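Letter by letter, the chains look like this.
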Amino acid sequence: MNSLMGHGPHNPSGMMAPGGGQMMPSSGGKRKEIYKYDAPFTLYAMSWSNRPDKKYRLALGSFIEEYSNKVQIIQLTDEENGEFKVKGSFDHPYPTTKILWIPDTKGVCPDLLATSGDYLRIWKVSENSGEVKLESLLNNNKNSDFCAPLTSFDWNELDPNLVGTSSIDTTCTIWGLETGQAIGRIDNNSVTGMVRTQLIAHDKEVFDIAFSRAGGGRDIFASVGADGSVRMFDLRHLEHSTIIYEDAQQQPLLRLCWNKQDPNYLATMATDGLEVIILDVRVPCTPVATLKNHTACVNGIAWAPHSSCHICSADDHQALIWDIQQMPRPIDDPILAYRADGEINQVQWAAGQPDWIAICYNQSMEILRV
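Every value quoted in this text rests on a predicted model; they were computed, and no experiment measured them. Each chain has its residues counted from 1, following the order in which its sequence is written. Local features in this predicted model are restricted to residues of pLDDT 70 or higher, and side-chain atom pairs are both shown and tallied only at a pLDDT of 80 or more, whereas totals for entire chains, interfaces and linings draw on every residue. Side-chain descriptors were evaluated using all non-hydrogen atoms of the structure, hydrogens and water having been removed beforehand.

Caption draft 1: Representation of the packing of aromatic side chains within the structure. Stacked, edge-to-face and tilted labels apply to pairs of Phe, Tyr and Trp rings (six-membered ring for Trp) whose centres lie within 6.5 Å, assigned for plane angles under 30 degrees, over 60, and everything in between, in that order. Going through the model one piece at a time under the given rule, you end up with 8 aromatic pairs. Ring geometry for Tyr37 against Phe84: centres 6.0 Å apart, planes inclined by 65°, an arrangement best described as edge-to-face. In this pair, Tyr37 sits in strand 2 (residues 34-38) while Phe84 sits in strand 6 (residues 83-93), placing the two residues 47 residues apart along the sequence. Between Phe221 and Phe233, the ring centres sit 5.2 Å apart and the planes meet at 20°, which makes this aromatic pair stacked. Remark: Phe233 occurs in strand 17 (residues 229-234) and Phe221 occurs in strand 16 (residues 220-225); sequence separation between them is 12 residues. Taking the ring centre of Trp101 as reference, the NZ or CZ of Arg57 above it sits at 3.8 Å. A run of H or I in DSSP counts as a helix once it spans at least four residues, and a run of E counts as a strand once it spans at least two, with each numbered from the N terminus. Ring-over charges, as used throughout, are those where CZ of Arg or NZ of Lys falls within 6 Å of the ring centre and within 35 degrees of the ring normal.

Caption draft 2: Spatial organisation of the sheet that holds strand 3 (residues 43-48). If you trace the 4 strands from one edge of the open sheet to the other, you get 3-4-5-6, paired in antiparallel fashion. Only two strands of the sheet have a single neighbouring strand rather than two, namely strand 3 and strand 6. On average, each strand axis in the sheet is tilted by 20° relative to the strand beside it, whichever way the strands run. Note: strand 4 (residues 57-62) against strand 5 (residues 68-78), 5 bridges, orientation antiparallel. Bridging across to strand 5, Ala59 finds its partner in Ile73. We treat two strands as partners when DSSP finds at least two bridges between them. Throughout, an axis means a line fitted to C-alpha atoms (over the contacting stretch in the case of helices), and angles, computed between N-to-C directions, take values from 0 to 180 degrees.

Caption draft 3: Main features of the sheet that holds strand 17. Sheet architecture is open: 4 strands sit in the order 15-16-17-18, paired in antiparallel fashion. Edge strands, defined here as strands with exactly one partner in the open sheet, are strand 15 (206-211) and strand 18 (242-246). Adjacent strand axes in the sheet meet at a mean angle of 20°, parallel and antiparallel pairs treated alike. The sheet contact formed by strand 15 and strand 16 spans 5 bridges and is antiparallel. Within strand 16, the position partnered with Ile209 by the bridge is Ser223.

This is how it looks when you write it as structure tokens:
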């Protein structure tokens, strides 16, 4: 049985804000807390749309261990009956390692979607028909059609012309995108991309990359990889990088996630690790907190978009929400826990609808009101 469970003094109907006030109050009337969508394939990659006129819209990527894979665009169209409608679908070579919608919270940019896998691809969703068209295929290897697989990417929230990719070939690449003259111009020109810079970021494969909001939010990014390190870079000074953390056992670090409200903090997790590691970039090398109450290896992490002290982590069958405001004192228990009917492999917190979290397991995607 699925269940949302409160821990300690916190109210399970909504997370508590610092000072004890309700951070996510429910308005009057009975509203469903959970909506479920069953896909025709196993799910892995997932992304919430950021556009204010496209509420409850998500992109989902299949995980089929062969060449032919799919991406679906779905939207909750009937809250009363919990009905999701497929708004678009397209074929994708190999499973997508990540999907992101353009970080356009005002709805002024073209309706773009990016995917990573063998290449970075930019797709455009037609405003009227919902048809999805490939706008650009970006290959950072100019000398060959071969491209080392991309493990992840990030789309810069403050400058949507910047996209960073990470690869198994030890590199990170920063792309400059253009649609016509600027990404904010809606026109019929296709999206083009130029390599702004490519750098050897780690000693082994790079598994994730993420831009920070620090220093204007445009130039600073971090990466994690198979060498067990978190490294921070500045596009203005690429001649050196800063090692923020190195895993004591040199376990590969798989994911990296910046705090959305306080750019001093980031979270990471190791291969087969039973904890989430919280780092403070002002105090390198030593975690400021570890979130340990996991019964299986952590598969995903997502910071709250609107709060600096809440983070969600997912392990085997559980999604856990933590309040970290008492750092550096130990944080023993999550404030909310949700048990799913399968192993959760993905968790995403909606930037435009911060009282909703999405999880994927097996062929199911659920959105949970928190």
